[in-house]
Amino acid sequence: MAAPGNNFRLATQEVSWLQRDLLLFAVSIGVTTDELNFVFEQNDVFQAFPTYPTILPFKLTDQEVVDFNSRLAPPEIPGVPKLDSGRIIDGGRSLTFHRQIPTTSAGRHFKLQSRIVGVYDKGKIGTVVEDEKILVDCESGDEYVKILGTTFYMGQGNWNGPKGPAPKSYPPPEGRKPDVTYTYQTTSQAALIYRLNGDYNRLHVTQEPGKSLGFGGPIMHGLFTYNCAAHAILKAVGASNPANLREFTARFAVPVRPGDQLITEIWRLGEFEGEYEDVRLDSILGHIQPPSSGLPALLRKDADDIVITLALRTALGKGFKGGFKDTEFASIVYRLLKVVHKKAGFNTSLVEDICVGNVLDFIDLQLMNIALRSANSLQVANEMAAHVTRAAALAAGFSESAGTSSVNRFCSSGLKAVQEVANQISRGSIDIGIAIGAESMSRGGATIPNLPSEICKVQSAADTLQPMGQTSENVGNDFNISREAQDRYAAESFRRAEAAQKAGWFDDEIVPITAQFQDPKTGEFHEVTLTKDEGPRWGTTFDSLSKIRPAFPEFGDKSTGGNSSQITDGAAAVILMRRSKAEQLKLPIMGKFCGATVTGVAPRIMGIGPSIAIPKLLRKFNINLNDIDLIELNEAFASMAVYCHNVLGLDPSKVNVRGGAIALGHPLGATGVRQIVTGLSEARRQNKKVLLTTMCVGTGQGMAALFINEQAY
């Protein structure tokens, strides 16, 4: 059965061009002065670049700007519903060259003879219109170029039309490296220049069309990438001679954005039809920014960005004393997930994975003695955390189709969960995921493993067994960080947390959670609703902190319960997805996850981890500390926080504006996500952009991550 519109003849269109049109076209696709035959009109062999006719259906005879939608308004095709030219993108082109076009049409008459080859219903995605145009000399009847094109009308399918044939594929030779690789770096103005050829689609210059189509903003013309690939072929293997190109076919698979780098890989097959060789190409249309881009690259908005659409947390409860002391890890995760489910803003059946970062792995203290008797106690704990996460997600209302998992990288477990979900989205494994950090330090427990003697013969390996308090004293002693310096730092953390609480700065990040609380005096249970962090002790001063006894006297006299992070219960969560998906679902974008990195340090001074992780992260993104607006530095101990400030030269006004873990608490697995939630909230309040989060990690590691705030207060 013939496709609707098959062989439907369209009105003939007159076309014309001048030498200046050919010059502009060649420059707009990357031709430079090493090919003067295309860019200098006085060159002895000045020629039209062979694919220039792709412009003629847009330009026709005009030298002035035209309305794109009117020019490209689709004709009424029998058997096909009316289509909207405001939502079109190119699907591909195939050009067959019969003869070279002259360098100007002046004094001659040319026309495009056009017909519909077929119209295909691709369902929800849209409708594809395939057409054929032939450039003809009106006087002689000579045919110059045949253009087969496909146009995609986005979101305009489901009219019960034929699906159409599968696109013909021309794959490169399997397992063989390309014979030639040609690289072209586009600029941020590339689309603005190319559109002057006559293709004035708003998609390539303004934000709205690209966002509505799921691209996140302006993209390059599909024909721009097509013509750039043709230029790569002709220059690399065709001696820049149009006579050497007989046919060129390519499909558009990936949107390209201004500033991207196009890498065209070319394979010569050694197979000839007459005097013409079959050549295959693959244009890698990645989003590769110039290495000097730095901060502008971070601030750029791309459809493939990993973004956060929801960021919230519980209040942080004091360990063994506070509102969550009688709430199991499973219940904390469940109750927060119920809130996430309610506030997600979309059908949560779309969530494909939920990852929880957790350290103590929920071993109820009543079960601890049983677990400790097992040589595999840590393995049992990990299995229990994964089990609990799955059950909590299902009970909270998430679909059975959503997977769950748990990860543990000690104090960076929450951030590790974010990185895990983001990586899955980036790889295309899932579209939407939730990352949670959660900890019940009151109810949970963990053991330091007994390492085999063969491992402990290596001193750094044996040092991983040192308690965290000992590593803090090591930092204080090794780097001469006095008790006074640590207490003064802690006092400022408490002061900031108190000021933030009194000003209500935490209100937009904390969601109320109800828990069962057992009165330690009567033994009776009653409900409590936690709405604010329990850690801040209003009125804490340097003088009061200086009176507290050392917490680890066997290792030193500088770290105390007042200048170390508090034992805490709580959880935090973020929803992550691609920017294009968030825009498709019309969700508010709170921030962008740029990336994270991890590093190792000597285990005995594990607290200095951020001092290594932060510079490593900055190098990866080609930025410096001056580019960072806000920093959330986990205050595991004042010793490590003071060290990192001193060594990196951190600006105190940017670090832990609302106080840190010394005042707020450090629910181990939750902190990595809690920092993100708090940091984005503070960035909104200050209308700041770039957020860095970082923490030291047990056994001698450091982790750091970058985020971009995208909401004003």
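Note that the structure is a prediction, hence the values are computed from the model and not measured. (Residues numbered from 1 in each chain as written. Predicted model: local features only at pLDDT ≥ 70, side-chain atom pairs only at ≥ 80, totals over all residues. Heavy atoms only, no water.)

Any details on the overall build of the protein chain? Residues and values, ideally.
The helix and strand inventory of the protein chain stands at 22 helices and 22 strands. Each principal axis of the C-alpha atoms in the protein chain carries an extent, and together these give about 105 × 50 × 50 Å. Classification of the 713 residues of the protein chain by burial places 55% in the buried group. The contacts of the protein chain with a sequence gap of at least 6 include a subset with a gap of at least 24, amounting to 78%. Total accessible area on the protein chain is roughly 30400 Å²; 51% of this is exposed by carbon and sulfur atoms. Seen as two clouds, the 72 positive and the 75 negative side-chain charges of the protein chain have centres 4 Å apart. (Helix = DSSP H or I, 4+ residues; strand = E, 2+ residues; numbered from the N terminus. Buried < 20%, exposed > 50% of the residue type's maximum accessible area, 1.4 Å probe, protein only. Contact = heavy atoms within 4.5 Å. Areas by Shrake-Rupley, 256 points an atom, 1.4 Å probe, with all protein chains shown as cover. Lys, Arg positive; Asp, Glu negative; His and termini not counted. Charge placed at Lys NZ, Arg CZ, Asp CG, Glu CD.)

Which residues make up helix α20 (residues 638-648), and what values go with them?
With nine of its 11 residues buried, α20 lies for the most part within the structure. All of the buried residues in α20 are Ala-638, Ser-639, Met-640, Ala-641, Val-642, Tyr-643, Cys-644, His-645 and Leu-648. Those residues of α20 that are buried are in contact with α15 (468-478), α16 (483-503), α19 (609-620), β20 (630-633), α21 (661-664) and β21 (690-697). Gly-649 lies just past α20 and shows a positive phi near 70 degrees.

Quick one: what's the story with the domain arrangement of the protein chain, residue by residue and with numbers?
By domain assignment, the protein chain separates into domain 1 (8-164 + 171-286) and domain 2 (301-709). When each unit is reduced to the centre of its C-alpha atoms, the spacing between domain 1 and domain 2 is 51 Å. The interface of domain 1 with domain 2 comprises five residues on the first partner and six residues on the second. With both sides pooled, the region where domain 1 packs onto domain 2 buries about 490 Å², and carbon together with sulfur makes up 45% of that total. Applying the counting criterion to the domain 1 and domain 2 interface returns one salt bridge. For Arg-257, the salt bridge goes to Asp-302, with nearest N and O atoms at 3.8 Å. Along the contact surface separating domain 1 from domain 2 lie zero residue pairs in polar contact (both at pLDDT 80 or more). When grouped by side-chain class, the residues that make up the side of domain 1 that touches domain 2 number one nonpolar, two polar and two charged. (Domains from an automatic or database assignment. Buried area = accessible area lost by both parts, 1.4 Å probe. Salt bridge = Lys/Arg side-chain N within 4 Å of Asp/Glu carboxyl O. Polar contact = N/O pair within 3.5 Å; in protein donor to acceptor, adjacent residues only side chain to side chain. Nonpolar A, V, L, I, M, F, W, Y, C, P; charged D, E, K, R; others polar.)

Just give me the short version of the nonpolar core, but keep the residues and values in it.
Counting residues in hydrophobic clusters, the biggest one holds 83 residues, and the most contacted among them are Leu-337, Val-340, Ile-436 and Ile-575. No other element matches the eight residues that helix α9 (residues 329-343) contributes to this core. Contact partners of Val-340, with chain neighbours within four places excluded, come to Leu-310, Leu-312, Phe-398, Ile-434, Ala-573 and Ile-575. If you look at the next biggest cluster of nonpolar residues, it comprises 59 residues, including Ile-29, Ile-77, Ile-101 and Phe-252. (Core = buried A, V, L, I, M, F, W, Y, C linked by side-chain atoms within 4.5 Å.)

Provide a residue-level description of unusual backbone geometry, including the pertinent values.
We note that Leu-60 has phi near 55 degrees; this positive angle belongs to a residue other than glycine. Backbone geometry places Ser-240, a non-glycine residue, at a positive phi of 55 degrees. Inspection of the secondary structure assignment puts Ser-240 in the loop between α7 (222-237) and β8 (247-251). According to the relative accessible area criterion, Ser-240 is buried, its value standing at 13%.

I'd like a rundown of the side chain of Thr-51, residues and numbers included.
Its location among the elements puts Thr-51 in the loop between α2 (36-39) and α3 (56-59). Since its relative accessible area comes to 0%, Thr-51 is described here as buried. Looking at Thr-51, its side chain comes within polar contact range of the side chain of Asn-227, at 2.6 Å.

So what's going on with α19? Which residues, and what values?
The first and last C-alpha atoms of α19 sit 17 Å apart over 12 residues, in line with the 16 Å expected at 1.5 Å per residue. Listed as buried for α19 are Gly-609, Pro-610, Ser-611, Ala-613, Ile-614, Leu-617 and Leu-618. Of the surrounding secondary structure, the elements contacted by the buried residues of α19 are β19 (591-600), β20, α20, β21 and β22 (701-709). Positive backbone phi, approximately 55 degrees, marks Asn-622, located one or two places after α19. (Expected span 1.5 Å × (residues − 1).)

If you had to explain the pattern of salt bridges to someone new, which residues and values would you point to?
Taken as a whole and judged by the stated rule, the model has 34 salt bridges. We note a salt bridge from Asp-305 to Lys-592, for which the minimum N-O separation is 3.9 Å. Placement of the pair is Asp-305 in the loop between α8 (295-299) and β11 (306-313) and Lys-592 in strand β19, with a sequence separation of 287 residues. Taken as a pair, Asp-305 and Lys-592 share a single burial class, namely buried.

Describe the packing of helix α12 (residues 413-427) against helix α22 (residues 671-686), with residues and values.
Put simply, α12 and α22 touch, their axes get as near as 4 Å, and they point 75 degrees apart. The orientation of α12 with respect to α22, classified from their angle, is roughly perpendicular. Touching Gly-414, Leu-415 and Val-418 of α12 are Gly-672, Val-673 and Ile-676, all from α22. Split into classes, the residues belonging to the contact of α12 with α22 amount to four nonpolar, two polar and no charged. (Axes fitted to C-alpha atoms, helices over the stretch in contact; angles between N-to-C directions. Parallel < 35°, antiparallel > 145°, perpendicular 65-115°, else oblique.)

Quick one: what's the story with the packing of aromatic side chains, residue by residue and with numbers?
Across all of its chains, the model carries 12 aromatic pairs by this definition. When the centroid spacing of 4.9 Å and the interplanar angle of 45 degrees are considered together, the rings of Trp-17 and Phe-110 count as tilted. Of this pair, Trp-17 sits in the loop between β2 (13-15) and α1 (19-28) while Phe-110 is found in strand β4 (residues 110-121), placing the two residues 93 residues apart along the sequence. A centroid spacing of 5.1 Å and a plane angle of 65 degrees characterise the contact between Phe-38 and Phe-49, whose relative ring orientation is edge-to-face. Residue Phe-38 is found in helix α2, and its partner Phe-49 is found in the loop between α2 and α3; the two are separated by 11 residues along the sequence. Of the residues examined, Phe-38 reaches a relative accessible area of 1% and is grouped as buried. Through pairs of rings, three or more aromatic residues link up here, namely Phe-25, Phe-38, Phe-49, Tyr-52, Tyr-194 and Phe-224. (Phe/Tyr/Trp six-rings, centres within 6.5 Å; stacked < 30°, edge-to-face > 60°.)

Tell me what's going on with the confidence of the model for the protein chain, and back it up with residues and numbers.
One rule of thumb: low pLDDT means the predicted coordinates there are not for detailed reading. On average, residues of the protein chain carry a pLDDT of 90, and 94% of them reach 70 or more. Low pLDDT (under 50) marks residues 285-293, which in the prediction has 26 contacts with non-local residues, meaning those over four places away or in another chain. Every residue in residues 362-382 scores below 50 in pLDDT, and together they form 27 contacts with partners more than four places removed in sequence or on other chains. (pLDDT = per-residue confidence, 0-100.)

Before we move on, can you summarise the environment of Asn-201 with the specific residues and values?
Inspection of the secondary structure assignment puts Asn-201 in the loop between α5 (190-194) and α6 (207-212). Looking at Asn-201, the relative accessible area reads 8%, which means it is buried. A sequence separation of 133 residues divides Asn-201 from Phe-68, and the C-alpha atoms of the two residues are 5.5 Å apart. Setting aside its immediate chain neighbours within four residues, Asn-201 contacts Phe-68 and Ile-88. For Asn-201, the side chain forms a polar contact with the main-chain nitrogen of Leu-203, separated by 3.0 Å.

Could you give an account of the side chain of Ser-94, with specific residues and numbers?
One can find Ser-94 in strand β3 (residues 88-97). Owing to a relative accessible area of 13%, Ser-94 belongs among the buried residues under this scheme. Excluding residues that lie within four positions of it along the chain, Ser-94 makes contacts with Lys-146, Ile-147, Leu-148, Tyr-226, Glu-247, Phe-248 and Thr-249.

Kindly report on the pairing of strand β18 (residues 568-578), identifying the contributing residues and their values.
Burial analysis of β18 places 11 of its 11 residues in the buried class, the great majority of the element. With seven bridges connecting them, β11 and β18 associate as antiparallel partners. Each bridged residue has a counterpart across the sheet, and for Leu-310 the counterpart in β18 is Ile-575. Note: strand β12 (residues 317-318) against β18, two bridges, orientation antiparallel. Within the sheet, the bridge partner assigned to Lys-318 lies in β18 and is Thr-568. (Pairing = 2+ DSSP bridges.)

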